[in-house]
Amino acid sequence: MGRVTASLSDLPLRDDLRGLTPYGAPQAPLAVALNVNENTHPVPDEVASDILDDIAVALRDVNRYPDREFTTLREGFAEYLGHGLDASQIWAGNGSNEVLQHILQAFAGPGRTVFGFAPTYSMYPLLSQGTGARWVAGERQPDYTLTVEDAVAQVVEADPDVIMLCTPNNPTGTPLGLDVIEAVYDAARGVVVVDEAYQEFAPRDAASALTLLEGRPRLAVSRTMSKAFAFAGARVGYLAADPAFIDALRLVRLPYHLSALTQAAAVAALRNASTMLGMVDDIIEQRDRITATLEALDYEPHESWSNFVLFGGVADPHATFQALYERGVLVRDVGIPNHLRVTAGTEAETTAFLDALASIGSAS
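In this numbering scheme, every chain counts its residues from 1 along its sequence in written order. A pLDDT threshold of at least 70 governs which residues receive local features in this predicted model, and a stricter bar of 80 or more applies before side-chain atom pairs are shown or counted, although totals over entire chains, interfaces and linings include all residues. In computing side-chain properties, one takes all heavy atoms of the structure into account and sets aside hydrogens as well as water.

Naming follows an unreviewed UniProt entry, where the chain appears as Histidinol-phosphate aminotransferase of Microbacterium murale. UniProt's Cofactor (unreviewed entry) comment on the chain is quoted here verbatim: "pyridoxal 5'-phosphate". UniProt positions are given in the numbering used here, feature names are shortened, and annotations may be inferred rather than shown by experiment. Looking at the Sequence similarities (unreviewed entry) heading of the UniProt record, one finds this comment for the chain: "Belongs to the class-II pyridoxal-phosphate-dependent aminotransferase family. Histidinol-phosphate aminotransferase subfamily."

(A) Up close: the overall build of the chain. Within the chain, the regular secondary structure consists of 12 helices and 12 strands. We compute the radius of gyration over the C-alpha atoms and compare it with the globule rule, which gives 2.2 Å times the number of residues raised to the power 0.38. A globule of 364 residues ought to have a C-alpha radius of gyration of about 21 Å, and the chain, at 21 Å, matches this closely. Note on exposure labels: buried denotes an accessible area under 20% of the residue type's maximum, exposed denotes more than 50%, and partly exposed covers the range between, all computed with a 1.4 Å probe on protein chains only. Among the 364 residues that make up the chain, the fraction classed as buried is 51%. Surface accessibility of the chain: about 16400 Å² in total, with carbon and sulfur atoms responsible for 51%. Helical segments are the DSSP runs of H or I of at least four residues, strand segments are the runs of E of at least two, and each set is numbered from the N terminus. Only the protein chains shown count as cover for residues, and all accessible areas are computed by the Shrake-Rupley method using a 1.4 Å probe.

(B) Spatial organisation of the sheet that holds strand S7 (residues 219-224). Strands are treated as partners if at least two bridges between them are detected by DSSP. Read from one edge to the other, the open sheet built from 7 strands follows the order S2-S8-S7-S6-S5-S3-S4, with strand pairing classed as mixed. Taken across any chain shown, the strands that pair with only one partner, and hence form the sheet edges, are strand S2 (90-93) and strand S4 (134-139). Direction aside, neighbouring strands of the sheet carry axes that sit 25 degrees apart on average. One ladder, built from 4 bridges, connects strand S6 (residues 191-195) with S7; its direction is parallel. Paired with valine 194 across the two strands is valine 221, which belongs to S7. Residue contacts are counted whenever heavy atoms from the two residues lie within 4.5 Å of one another. All axes here are fitted lines through C-alpha atoms, helices being fitted over the stretch that makes contact, and every angle between N-to-C directions spans 0 to 180 degrees. Most of the contacts of helix H5 (residues 148-158) go to strand S3 (residues 113-118), to which it runs at about 155 degrees, and overall it touches S3, S4 and strand S5 (162-166).

(C) Spatial organisation of helix H10 (residues 280-296). Spanning 17 residues, H10 covers 24 Å between terminal C-alpha atoms, matching the ideal 24 Å at 1.5 Å per step. Where H10 is buried, its residues meet strand S9 (300-301), strand S10 (308-312), strand S12 (340-343) and helix H12 (347-360). Just downstream of H10 lies aspartate 298, where phi reads positive at about 70 degrees. Expected helix span is computed as 1.5 Å times (number of residues minus one).

(D) Focus on the side chain of glutamate 200. In this fold, glutamate 200 is placed in the loop between S6 and S7. Pairing of N or O atoms within 3.5 Å defines a polar contact, subject to two protein rules: one partner must be a possible hydrogen donor and the other a possible acceptor, and residues neighboring in sequence count only if both atoms are side-chain atoms. A polar side-chain atom of glutamate 200 sits 2.7 Å from a polar atom in the side chain of tyrosine 80. Ignoring anything within four residues of it in the chain, the contact list for glutamate 200 reads Tyr80, Arg223, Ala228, Phe229, Tyr238, Leu277 and Val280.

(E) Quick peek at the packing of H10 against H12. Their axes nearest at 10 Å, the elements H10 and H12 cross at an angle of 10 degrees. The angle between H10 and H12 falls in the class roughly parallel. When H10 is examined against H12, the residues Gln286, Arg289, Ile290, Thr293 and Leu294 are found in contact with a partner set consisting of Glu347, Thr350, Thr351, Phe353, Leu354 and Leu357. Residues were grouped as follows: Ala, Val, Leu, Ile, Met, Phe, Trp, Tyr, Cys and Pro as nonpolar; Asp, Glu, Lys and Arg as charged; and all remaining residues, including Gly, as polar. Looking at the contact of H10 with H12, its residues break down into 5 nonpolar, 4 polar and 2 charged. Reported orientations rely on four angle classes, namely roughly parallel under 35 degrees, roughly antiparallel over 145, roughly perpendicular from 65 to 115, and oblique for the rest.

(F) Main features of unusual backbone geometry. In the segment running from alanine 118 into proline 119, the intervening peptide bond is cis, with an omega of -5 degrees. Positionally, proline 119 belongs in the loop between S3 and helix H4 (123-130). A cis geometry characterises the amide bond from threonine 167 onward to proline 168, with omega recorded as -10 degrees. With respect to the helices, strands and loops of the structure, proline 168 is situated in the loop between S5 and helix H6 (178-187). With a phi close to 50 degrees, aspartate 159 is a non-glycine residue in the positive phi region. On the secondary structure map, aspartate 159 appears in the loop between H5 and S5.

(G) Main features of the environment of alanine 348. With respect to the helices, strands and loops of the structure, alanine 348 is situated in helix H12. Through-space distance from the C-alpha of alanine 348 to that of leucine 277 is 19 Å; in sequence the pair is 71 residues apart.

(H) Structural detail: the packing of aromatic side chains. Side-chain rings of Phe, Tyr and Trp (the six-membered ring for Trp) are treated as a pair once their centres are within 6.5 Å; stacked means planes under 30 degrees apart, edge-to-face means over 60, and tilted covers the remaining angles. One pass over the full model with this rule turns up 12 aromatic pairs. With centroids separated by 4.8 Å and ring planes inclined at 35 degrees, the aromatic side chains of phenylalanine 107 and phenylalanine 245 adopt a geometry described as tilted. One end of the pair, phenylalanine 107, is in helix H3 (residues 96-107); the other, phenylalanine 245, is in helix H7 (residues 243-250), and 138 residues separate them in sequence. Here the two residues phenylalanine 107 and phenylalanine 245 agree in accessibility, since each one is buried. Ring plane angle 55 degrees and centroid distance 6.3 Å describe the contact between phenylalanine 311 and phenylalanine 353, whose orientation is recorded as tilted. Taken together, the residues phenylalanine 311 in strand S10 and phenylalanine 353 in helix H12 connect sequence positions 42 residues apart. Judged by relative accessible area, which is 0%, phenylalanine 353 ranks as buried. Our definition puts a charge over a ring when NZ of Lys or CZ of Arg is within 6 Å of the ring centre and also within 35 degrees of the ring normal. Here the basic side chain of arginine 216 rests over the ring of tyrosine 185, its NZ or CZ set 6.0 Å away from the ring centre.

As structure tokens, then:
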């Protein structure tokens, strides 16, 4: 029987998905890959050994389904987050993207709208479209900040079912004040999701939106282990919210969606949180070093509370991206005119990026 091939257009795809392209950052076998905001530090050997021990134990029962409620993991996340949270207020999934997808499956969907302030995380519109909802993009100030008055006015006008607030914001690194979050919540009728994927890289005295959860049943605060915990390959995201909000997510999750091996690995990583987070200070140091050097090269780095730096003043982003690529360094063109984004890596990776950029020449 001959091989039959068809194009995507030949299949009975949903009309609202036609013409879309899958999410995906460029992947290339370069020595210095600083394009997807990973934590480029490896998991410390002693922690890796501890994680492997827990995975080995979990393997003995891998013929059985895992704990559907991932109770031990939720208890671990509650302890890690603090703020008086308990396991009933915690949810988790295969990366924060799945957690966000659960929210949209439960609270968005066909005939509903999802709103966020652009530019922001590029998966928000894709997740919205994937669940049949309509994505509505608001606007930020020229420096990517948001004022209370402007944010509230845009939310009232859009009247969305779900609001996505990314802080620190991806791809800009911009923080968002708690006063804005409170005001947006009060102005909204739908759920408000505060995506704190990069919160561990914010200043130590920066308050988390977790402090706003009490008395706000439509508010959820999502996090990830991919960044600060150097756990991107393990795919573990989580959120904190009112127990009723958590119950809503149970309605849409797939059965046993977190494998026993994933649960074991994440529990062990949380048990070693202090060691795992020890690399955060190193990353912040490199981020600030990148910012200072970019300024010296006459580029325009934006304030960042994350593990990356968005910088402007790039006359030709494509040409600069390509020149860095040819020097073995991969950064990200996020589609903002005259800008590129670079992840803060190890000291050696940061040096490689800065040396390569300097060899191209200053922005001026």
